[in-house]
Each structure stands twice: as C-alpha cells, then as structure tokens.
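Results of the structural survey
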Amino acid sequence: MITPHADGEPVSLSSMAAPRGSSTVLRIVLGAQLRRLREQRDITLEEAGRAIRASHSKISRMELGRVSFRIRDVADLLTLYGVTGEDDRSPLLSLVEKANQPGWWHNYNDVLPGWFETYVGLEESATGIRNYEVQFVPGLLQSEGYARAVVRLGFPKAAPEEIERRVRLRMARQKLLRRADPPHLWAVLDEAVLRRPLGGPEVMRGQIDHILEALELPNVTVQIVPFSVGGHAAAGGPFSILRFSQPDLPDVVYMEQLTSAVYLEKRDEVDSYLEVMERLCIEAEPATRTREILAGIREELDRRR
C-alpha cells in the first residue's frame, strides 16, 4: 500500500519509520496519514464515519489530530481504505498507543487550559521555535522570579499555590532547551520588554542574567529591536512560529490572546508571518550585539540601587 508524502512523492507505509515527538504531534501525524488514505479511495467523511459508528465530524477531528484514537476505530478505517496487509497496518496501529500517551504537561491540567495544552505539545516536538515579543520575555527564557511576576499580573486573584503551579509549569517547559536534541530557539525582543520593570529592578536584573546564561547555549539566539527603529514589521503584536522535522507537519504560527489562542498553518498565512519575522531580524540589532545591550541595561539597573 502506498501513501503520498507531503511533497507529493509516494511513500510505502511498510517502510515508514515511526515519527518521534509528543503525543500531540503523533496524533496530528496519524490523522494526516488517515486523511490521505481516505482521499486516495475517494471516501467521504460520512462514509468513514459510518464505518466506525461515528459522525463525519469525529472523522474530521481525528484527521486533524484533535481527539484521541481507539485501536478498533483505526483498524476499521484501515480496512475500509484497503490497507489489509500486516506490514502496512502495523506502522499506523503502533502509533495509536503512542499518540494516546499523556505528556508530562498533563500533570498540570489544573492550571493548563486546553488551548495552551496544544501549544505545549507542539513546542515539545518542534525543531525550531521563533518568537517575537513586545511586552514579556518569552516563557522559555523567563527566570523564576520574572515568571512569578508575569503570572501574578495575569492571575491577580489566584491563590499562592496556583501561582506556584503555573511557575513550575513554565520552568518545566524550559527543560527542552537543555535536552540532548533541543530545538533552536530564536527570540526577537522589542526593547520595551527589557525596559519595563516587571517585578521591580531586582527581578529584572535576575531576568537579564537569566537571558545571558541562556545565550551560552548553542541553540539559543536572541535579538533586540531598539526603540530607534520606531515602527516596524510586527506592528500587529507578538507571535511564535514552530517548525517540525516530520514531513506531515507544516509550520505553525501561534498567537496568544487573553483567554484563547489562534493557530495558523495555511501555507500563505504562515509565509506572511515568516516574511515579517525575517524583516524583524533585519531591523533588529544583530545577535552579536545582544550581550552588549543586555549588559548596558543591567548596568543601568545597578545604578538605580
């Protein structure tokens, strides 16, 4: 049985290597494979739904990787799609259990909204993460003290225990930068991020030191857009772009709102944000000057003691 690759070239299911990544990513990969097999046979969503005693909307959610999978459902769909050989069925059926395994972040379900859980799962599997921030230091670069100040700002009525849970979640996310196969984090910060004394001067000194320490990692790049630039390409606000090694996963643009988030993956939309990011990197000070700029702001904070 043959299924097309993302670039249109055929790929043998029997030779398909099991993709690596979080359960979030594995669900998306499995869903994409099922969608291709269905479309190859010109089977409608309604017909596929009847085969597993479900609605067409469930099939759609499965193909988008937004729900968990049952072995029986996937097996029945493969039979419907003409995938009957054991060598062809095994790679996909083996993904079901892996795709349903909860990630480490599920331990924080009490403070992790569903719309952000998806991002954490994608972040865990990304090979490249590009951020533009205009108000806060990106979560992956926040010091513990700074993260606590951000959480208190966003959740002013939260109990101390909840605040600490949210801070612990943020610190746990940062472990991916120091693992054996870390993503490349490339953050572009508006100068206002570093000038805004969130948490007070002492917290900001610790935050700048934290960024300087992160810059020692070969997979972390930080650029700063100075006030002197004036208006710039990303006037619309902060955003992130995540890139993956899996051929079934397109780049994803993530934009966070107060109580929800927007995920963009259509090629033309992603390309627009990639162009903005490239222009931001050109307008920003080169990465070779980041340590010098941070040290200068750090000295200013020291003089205010």
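Everything quoted here is computed from the prediction, not taken from an experiment. Each chain carries its own residue numbering, running from 1 in the direction its sequence is written. Totals for whole chains, interfaces and linings use all residues, but because this is a predicted model, local features are given only for residues with pLDDT of at least 70 and pairs of side-chain atoms are given and counted only at 80 or more. In computing side-chain properties, one takes all heavy atoms of the structure into account and sets aside hydrogens as well as water.

Here's the deal with the overall build of the protein
Helical segments are the DSSP runs of H or I of at least four residues, strand segments are the runs of E of at least two, and each set is numbered from the N terminus. Across its full length, the protein holds 12 helices and eight strands. C-alpha extents for the protein along the principal axes are approximately 70 × 45 × 35 Å. Burial classes: relative accessible area under 20% of the type maximum marks a residue as buried, over 50% as exposed, and values in between as partly exposed (1.4 Å probe, protein chains only). Residue burial in the protein is summarised as follows: out of 305 residues, 48% are buried. Contact definition: two residues touch when any of their heavy atoms are within 4.5 Å. Once local pairs closer than 6 in sequence are excluded, the contacts in the protein between residues at least 24 apart make up 71%. Here the protein displays about 14,900 Å² of accessible surface, and carbon together with sulfur accounts for 52% of that area. Counted charges follow a simple rule, with Lys and Arg positive, Asp and Glu negative, and His plus the chain ends left uncounted. By convention, charge coordinates are those of NZ in Lys, CZ in Arg, CG in Asp, or CD in Glu. Averaging the coordinates of the 40 positive side-chain charges in the protein and doing the same for the 44 negative ones gives two points 4 Å apart. Only the protein chains shown count as covering a residue, and every accessible area follows the Shrake-Rupley method with a 1.4 Å probe.

Notes on helix α11 (residues 267-283)
For an α-helix, the turn length of 3.6 residues means that residues three or four places apart are oriented alike. The span expected for a helix works out to 1.5 Å for each residue beyond the first. Taking 1.5 Å per residue, 17 residues should reach 24 Å; α11 reaches 24 Å between its end C-alpha atoms and fits that length. Of all the positions in α11, only V270, L274, V276, M277, L280 and C281 are classed as buried. Projected onto a plane normal to the axis of α11, the buried residues spread over an arc of 160 degrees and lie on a single side. More than 90 degrees from the buried face of α11, the exposed residues found are D268, E275 and I282. Picture the helix axis, draw a direction to every C-beta atom, and the arc is the one those directions span.

Topic: the pattern of salt bridges
Side chains that differ in charge, positive against negative, can pair when their charged atoms come close. Each salt bridge in this description consists of a side-chain nitrogen of Lys or Arg and a carboxyl oxygen of Asp or Glu lying within 4 Å of one another. Counted according to the given criterion, the structure contains 27 salt bridges. A salt bridge links D73 to R70, with the nearest nitrogen and oxygen atoms 3.1 Å apart. According to the relative accessible area criterion, R70 is partly exposed, its value standing at 46%. Note that D302 is salt-bridged to R298, the shortest N-O span being 2.5 Å. One end of the pair, D302, and the other, R298, are both in helix α12 (residues 290-303), four residues apart, so they sit about a helical turn from each other.

Quick word on helix α3 (residues 56-63)
Turning to α3, its buried residues number three or more, namely I59, M62 and E63. Projected down its long axis, α3 shows its buried positions confined to an angular sector of 95 degrees, all on one face. G65 sits one or two residues past α3 and shows a positive phi near 75 degrees.

What to know about the confidence of the model for the protein
With 91% of its residues at a pLDDT of 70 or more, the protein shows a mean pLDDT of 89. A low-confidence stretch, residues 1-18 stays under pLDDT 50, and its non-local contacts, those more than four residues away or across chains, total 46 contacts. Values of pLDDT, which run from 0 to 100, indicate the predictor's confidence residue by residue.

Overview of the packing of helix α1 (residues 23-40) against helix α5 (residues 86-100)
Contact pair α1 / α5: the axes reach a minimum separation of 9 Å and the direction vectors enclose 150 degrees. The orientation of α1 relative to α5 falls into the category roughly antiparallel. Between α1 and α5 the crossing geometry is left-handed. The residues of α5 that touch α1, namely those facing S23, L26, R27, L30, Q33 and L37, are L92, L95, V96, K98 and A99. For every element, the axis is a line fit to its C-alpha atoms; helices are fit only across the contacting stretch, and the angle between N-to-C directions ranges from 0 to 180 degrees. In these notes the angle categories are as follows: under 35 degrees is roughly parallel, over 145 is roughly antiparallel, 65 to 115 is roughly perpendicular, and the rest is oblique. A crossing counts as left-handed when the near helix is turned anticlockwise from the far one by less than a right angle, and as right-handed when that turn is clockwise.

With respect to the sheet that holds strand β8 (residues 261-264)
Two strands make a pair as long as DSSP finds a minimum of two bridges between them. Strand order in this open sheet of six strands is β5-β4-β3-β6-β7-β8, and the pairing throughout is mixed. Each edge of the open sheet is held by one strand with a lone partner, namely β5 (220-225) and β8. For this sheet, the mean inter-axis angle between neighbouring strands, taken without regard to orientation, is 15 degrees. In the sheet, strand β7 (residues 252-256) pairs with β8 via four bridges, with the strands oriented antiparallel. Across the sheet, Y254 pairs through a bridge with Y263, a residue of β8.

Some remarks on the nonpolar core
Grouped together as the largest cluster of nonpolar side chains are 47 residues, with contacts concentrated most on L141, I211, V220, V222 and F244. Once residues within four sequence positions are removed from consideration, V222 is found in contact with L141, A187, L189, I211, L215, A287 and T290. One finds L34, A48, F69 and V96 within the second-largest nonpolar core, a separate group that totals 19 residues. Here, nonpolar core means buried Ala, Val, Leu, Ile, Met, Phe, Trp, Tyr and Cys residues that are tied together by side-chain atoms lying within 4.5 Å of each other.

Concerning the packing of helix α4 (residues 71-80) against α5
In a packed pair of helices, the relevant descriptors are the angle between the two axes and the axis-to-axis distance. Packing of α4 against α5 leaves a shortest axis separation of 9 Å and a crossing angle of 155 degrees. Relative to α5, the element α4 is oriented roughly antiparallel. For the element pair α4 and α5, the recorded crossing hand is right-handed. Touching I71, V74, A75, L78 and T79 of α4 are R89, L92, L93 and V96, all from α5. Class assignment of the residues belonging to the contact of α4 with α5 gives a composition of seven nonpolar, one polar and one charged. Residues are sorted three ways: Asp, Glu, Lys and Arg are charged, Ala, Val, Leu, Ile, Met, Phe, Trp, Tyr, Cys and Pro are nonpolar, and all the rest, Gly among them, are polar.

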